[in-house]
Each structure stands twice: as C-alpha cells, then as structure tokens.
Amino acid sequence: MGARQLHLNLNFLNAGTFASAWRWPASAPRDFADVGFYVHVAQLAERATFDAIFLADIPALSDRPEFRPFNALEPTIVLASVAAATSRIGLIATASSSFNEPYNIARRFASLDHVSRGRAGLNVVTTADPAAARNFGATARADHGARYRRAAEFTALVKALWDSWDDDALVGDRHAARFLDPARIHPPEWRGEHFTVLGALNVPRPPQGHPVLVQAGGSDDGKALAAAHADAVFSVAHTLDDALADARDLRARAAAEGRDPDGLLIVPGLVTVIGSTEEEARRREEELWDLVPLEYGLGRLAGILGVDPARLRLDEPLPADLALPEHGMQTFFRGAVSLAARRGLTVRGLIRAQGGGTGHRVLVGTPEQIADDIERWFRSGAVDGFNVMPDVIADGFPAFAETVVPLLRRKGVFRHAYEGTTLREHLGLPRPARRPAAPRPAAEALAEALLEETLP
C-alpha cells in the first residue's frame, strides 16, 4: 500500500469566496454565467492534478443577489461541458434531496459518469433556504430532522437505482438479436416513507459503479448520513483540535455502520488569501474587505445564526441567548459561535474572520505558510485533504496552483501526476459491488396488504 496522499478539490464559488471577488480587477462580472470561464479554470485545476472541481447549488435567487454573483448555471450542465474539455479532473455537483426526486438525480449523475468516463460525484444536501422552498410549492420549511430523514432515504434509493443494472446487463449480441438481459435488470420496487420507485434506471450502471457520494453537513443528522452513505465529507473545521475530534466521531460512526472508517475521506473547506509576503497577503485581504458591502456580510451572518440582522451590533459580541436554529444551517451556526467565543470577536470581527460569512476557516499568508499549514493538518490525521476556496477565482486560484501545489509536491504529500482516470481512483476509493435494494420489494408489501384485507 502506497503512502497516504493529500486530496485537493477546488470549491468553485463563481467569482470567488469573498463577496467582493467579482469587483476585483482580475474578475469579469459576467463570469458567473460563462461556461467558458468554468472550463478554463477546470483545465487549470487539471494541470495542477486536483482531484475534482466542486460546484455548490441552491435552486433559488437568494443571498442578496444585488451584492454579489450567485450559483446560477445548473451544475451538471456545466460539468458536462467541462467533461468534454478535460480528461482527468473529477466533477462533483450538488443536488438537494429536499427538492429533487431520486430517479431524476440517479439518472442525471449516472449520465454524467458515462459522459465523463467515470469522473462524476454527487454532493447530497438538504435545503433550509425559504426562498428555495417557495419555488417548489412549500409554504414552510421542513424541520431539520425531517429533512435528513428524507435525505437518508433519497440517498439509499439513488444508490439502489445505480445498482438496478448488473455490470454485464448490456449483452449487445447482434446475431442473437439480444440487446440486454432482462434477468440482469433489477427494479428496486421501492416503497418508503418519502418515495415510491418501482422501475429500474434507464441508464446502464455507471462506470464507477456509484458516482462518488459527498455529504456536507456537520450536525448529528448530517454525520449519521455521512457514516451510512458518504465517500467523502465536506466539513467545517476552524481549529486542528476540532478537526481531530470531528474525525474521530465520523470514523467511529462509520465503523458502527460496518464500514472501513479509513474509507470515509474528510475534506474541510479552506479559504485562501495568498501574497508573496505575509504583508502583501494581509493587504490583499484588506483590499478585498474594503470592497465588501458591510450590509451583505451582516445579512449573511444573521442568516447563519437564524436571527434578525437588527439583533447584531457590529462592535459588540454576539448576543448571549442565541439558540441553535431548528430549521437553519446548524453546522455553520456552531462554527460561527465557537469561533467568536474562542477569539473574543465582535460581530464585525466575526464577519471578517469567516471571509464574509462563508463559515469556513480563512488562511492568509505566503505560499510557504499555506503549504506548511496544509501539511500539518494532513499529517495529523485530522483531514484527508481540503476543498480549496480561493478568495478570487480569477487570480487567487492560479496563485494556489502555481505556488502552493509545487511546495506540497516537494513535501511528498501531493501527486505529481494522475495515476488513474476515474474520480474514485484519484481518491483511492474502491468501486462498489452491486447490492440489492434495501426495502422490501413492493410486490411483497402489496401481497401482505391484500392478505390483511381478506382476513376476518
């Protein structure tokens, strides 16, 4: 078995992580809706041998769009275009289990896996955003537990649909006029709490067996979902001690599910601000901050905390009576409150410390300082890598690729070249064998129901 290898994904947040990234001289305001920009950056990431690019998504016009670009283009459409212009980089897209049907998502990501020859990944999220709920006919947001119960069934069913074809179901025998073998097609016949799907997927089993499954939630419900189903966890960690504790918790949960705990990759977000000197990096950070409307940062933080922005006083600490929001982003809530308490930050300081409300750790410094920090966290065993979140995509990501990546290679923790072609191979993950669907077949349930009706 080879030496443990660092994993790096580019979390491609349109213009960049900072809300002011679109105003930076290197950026163009229309890049957020220009697929050519995504293709160009993905090609840079592939030259830097990143594992994948990662696209967030929310099906709504929200988060104060008057102040910054947003995730506009549907991510699998973007990644299909990227797949045509690249050959190795992994392609991870986000889909909400709250506002999608498992059959459509299973089909879409199986298709992306075929189109890319095994490079697709699915990040399953639950959506608490009220604007998104209104777009799908919901008058109120489901509570946290209900969203995750739906997500757990959604994810299990997506996997069952990917497994509804045997790998050799497609026979393609011209002489015998036999295209596929029906005995090797296995409809899930699924009747669950939230979904009923009786038919098999109409796409052959994906090249990877299952596209890589990612989970991005740090609540107890989110960790339970990750332990049962995820290949990788997009986590939040502001200190190494917190990261170590989270890693122990996640790996213990995975072991309790009968899984190899080392097979669950932990990759927290890392916001980077790079300069040739530390002074230059700090100056870049300040200049980016000067371009962020304070109203935006305040509103973003208030949304994470689940409070009215009027409750937050910029030059005072957070209110002492904040309660964990039942419907909101619990992972980011805990991270923000913990960070503010640990550093004694005012609201203004907390907004800055979180890069404008992203909730992830912000690292400002030289390429050497950033590479040293990444190596320290990786060698500790707390993380398997990072979802890199550049301050500005247009010039912040090239700076990382051209200055930090070579240092990581010299340290012996990051690859010089791809060894495989699929995302699972990049991540060192096995190709899963096909498994039958977990719920009782619908035919059995129907037979039992009919029997009960005929009994006296």
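Everything discussed here concerns the structure shown above.
Quick caveat: nothing in here was measured; it's all calculated off a predicted structure.

1. Examining the overall build of the chain
Thought 1: Along the backbone of the chain there are 15 helices and 14 strands.
Thought 2: The C-alpha radius of gyration of the chain comes to 23 Å, within 12% of the 23 Å expected for a compact globule of 456 residues.
Thought 3: Across its three principal axes, the chain shows a C-alpha extent of roughly 75 × 55 × 40 Å.
Thought 4: The buried share of the chain, reckoned over its 456 residues, is 54%.

2. Some remarks on the nonpolar core
Thought 1: Among the nonpolar cores identified, the biggest contains 73 residues, and F50 and F400 are the most heavily contacted of them.
Thought 2: The dominant element in this core, judged by the number of residues it contributes, is helix α13 (residues 393–410), at eight residues.
Thought 3: Residue contacts for F400: discarding those within four places in its chain leaves L8, F50, T272, I274, I370, I374, V388 and V405.
Thought 4: Residues F234, A281, L318 and I351 belong to the second largest nonpolar core, which totals 47 residues.

3. Focus: the sheet that holds strand β2 (residues 52–55)
Thought 1: Taken in spatial order, the 10 strands of this open sheet run β11-β10-β9-β4-β3-β2-β1-β14-β12-β13, and their pairing is parallel. Two strands in the sheet have a free side with no partner beyond their single neighbour: β11 (265–266) and β13 (361–365).
Thought 2: Of the strands in this sheet, β12 (269–274), β13 and β14 (385–390) touch helix α12 (residues 367–380), which is tilted by about 140 degrees from β13.

4. Thoughts on the pairing of strand β3 (residues 90–96)
Thought 1: Of all the seven residues making up β3, seven are buried; the element is thus mostly covered by neighbouring parts of the structure.
Thought 2: Here β3 shows no split at all, with G90, I92, T94 and S96 on one side and L91, A93 and A95 on the other all buried.
Thought 3: With four bridges connecting them, β2 and β3 associate as parallel partners. Each residue of the ladder has a partner; that of F54, found in β3, is I92.

5. Side note on helix α6 (residues 220–229)
Thought 1: Of all the positions in α6, only G222, K223, L225, A226, A227 and H229 are classed as buried.
Thought 2: Where α6 is buried, its residues contact α5 (144–162), β9 (212–215), β10 (232–233) and α7 (240–256).

6. Some thoughts on the environment of G172
Thought 1: Summarising the element assignment, G172 is placed in strand β5 (residues 170–173).
Thought 2: Overall, the relative accessible area of 42% leaves G172 in the partly exposed class.
Thought 3: Contacts of G172, omitting those with residues within four sequence positions, involve R178 and F179.

7. Notes on the pattern of salt bridges
A side chain of one charge can pair with a side chain of the opposite charge if their charged atoms are brought near each other.
Thought 1: As enumerated under the stated definition, the model contains 31 salt bridges in all.
Thought 2: Across the salt bridge formed by R434 and D166, the nearest N and O atoms sit 2.8 Å from each other. Placement of the pair is R434 in the loop between α14 (423–427) and α15 (442–454) and D166 in the loop between α5 and β5, with a sequence separation of 268 residues.
Thought 3: On the basis of relative accessibility, which here comes to 27%, the residue R434 falls in the partly exposed class.
Thought 4: On the basis of relative accessibility, which here comes to 19%, the residue D166 falls in the buried class.
Thought 5: R361 is paired through a salt bridge with D373; the nearest N and O atoms lie 2.8 Å apart. Placement of R361 in strand β13 and of D373 in helix α12 is noted, with a sequence separation of 12 residues between them. Residue R361 shares its accessibility class with D373, and that shared class is buried.
Thought 6: When salt bridges with common partners are traced through the structure, they connect D220, K223, D246, D249 and R253 into a single cluster.

8. Points about unusual backbone geometry
Thought 1: One non-glycine residue with positive phi stands out, namely R117, at about 60 degrees.
Thought 2: Mapped onto the elements, R117 comes out in the loop between α3 (102–115) and β4 (120–125).
Thought 3: Since its relative accessible area comes to 67%, R117 is described here as exposed.
Thought 4: In this structure, A177 is a non-glycine residue whose phi angle is positive, near 55 degrees.

9. Re the packing of α7 against α12
Thought 1: Where α7 contacts α12, the axes come no closer than 10 Å and their chain directions differ by 30 degrees. Handedness of the α7/α12 crossing: right-handed. Two secondary-structure elements touch here, α7 through L240, A243 and L244 and α12 through R376, W377 and S380.
Thought 2: Of the residues contributing to the contact of α7 with α12, the split by class is four nonpolar, one polar and one charged.

10. Thoughts on the packing of helix α2 (residues 75–85) against α3
Thought 1: Closest axis-to-axis distance for the α2/α3 pair is 10 Å, and the angle between their directions is 10 degrees. Classified by the interaxial angle, the pair formed by α2 and α3 is roughly parallel. Seen from α2, the contacting residues are T76, L79, A80 and A83; seen from α3, they are R108, F109, L112 and V115.
Thought 2: Across the contact of α2 with α3, the residue classes tally to six nonpolar, one polar and one charged.

11. Remarks on the environment of A394
Thought 1: Take A394: it is sitting in helix α13.
Thought 2: Spatially, the C-alpha atoms of A394 and L79 are 18 Å apart, while their sequence positions differ by 315 residues.
Thought 3: Residues in contact with A394, not counting those within four places in the same chain, are A15, A26 and S27.

12. Re the packing of aromatic side chains
Thought 1: According to the stated counting rule, one finds 13 aromatic pairs in the structure shown.
Thought 2: Taking the centre distance of 6.1 Å and the plane angle of 80 degrees together, the rings of F50 and F400 count as edge-to-face. Note that F50 is positioned in the loop between α1 (35–47) and β2 and F400 in helix α13, a separation of 350 residues in sequence.
Thought 3: What links up through ring pairs into an aromatic cluster is the set F50, F397, F400 and F414.
Thought 4: Above the plane of the ring of F378 lies R4, whose end atom (NZ or CZ) is 4.0 Å from the centre.

What counts and how
Residues numbered from 1 in each chain as written. Predicted model: local features only at pLDDT ≥ 70, side-chain atom pairs only at ≥ 80, totals over all residues. Heavy atoms only, no water. Helix = DSSP H or I, 4+ residues; strand = E, 2+ residues; numbered from the N terminus. Rg over C-alpha atoms; globule rule 2.2 N^0.38 Å. Buried < 20%, exposed > 50% of the residue type's maximum accessible area, 1.4 Å probe, protein only. Core = buried A, V, L, I, M, F, W, Y, C linked by side-chain atoms within 4.5 Å. Contact = heavy atoms within 4.5 Å. Pairing = 2+ DSSP bridges. Axes fitted to C-alpha atoms, helices over the stretch in contact; angles between N-to-C directions. Salt bridge = Lys/Arg side-chain N within 4 Å of Asp/Glu carboxyl O. Left-handed = near helix turned anticlockwise from the far one by under 90°. Nonpolar A, V, L, I, M, F, W, Y, C, P; charged D, E, K, R; others polar. Parallel < 35°, antiparallel > 145°, perpendicular 65-115°, else oblique. Phe/Tyr/Trp six-rings, centres within 6.5 Å; stacked < 30°, edge-to-face > 60°. Lys NZ or Arg CZ within 6 Å of the ring centre and 35° of its normal.

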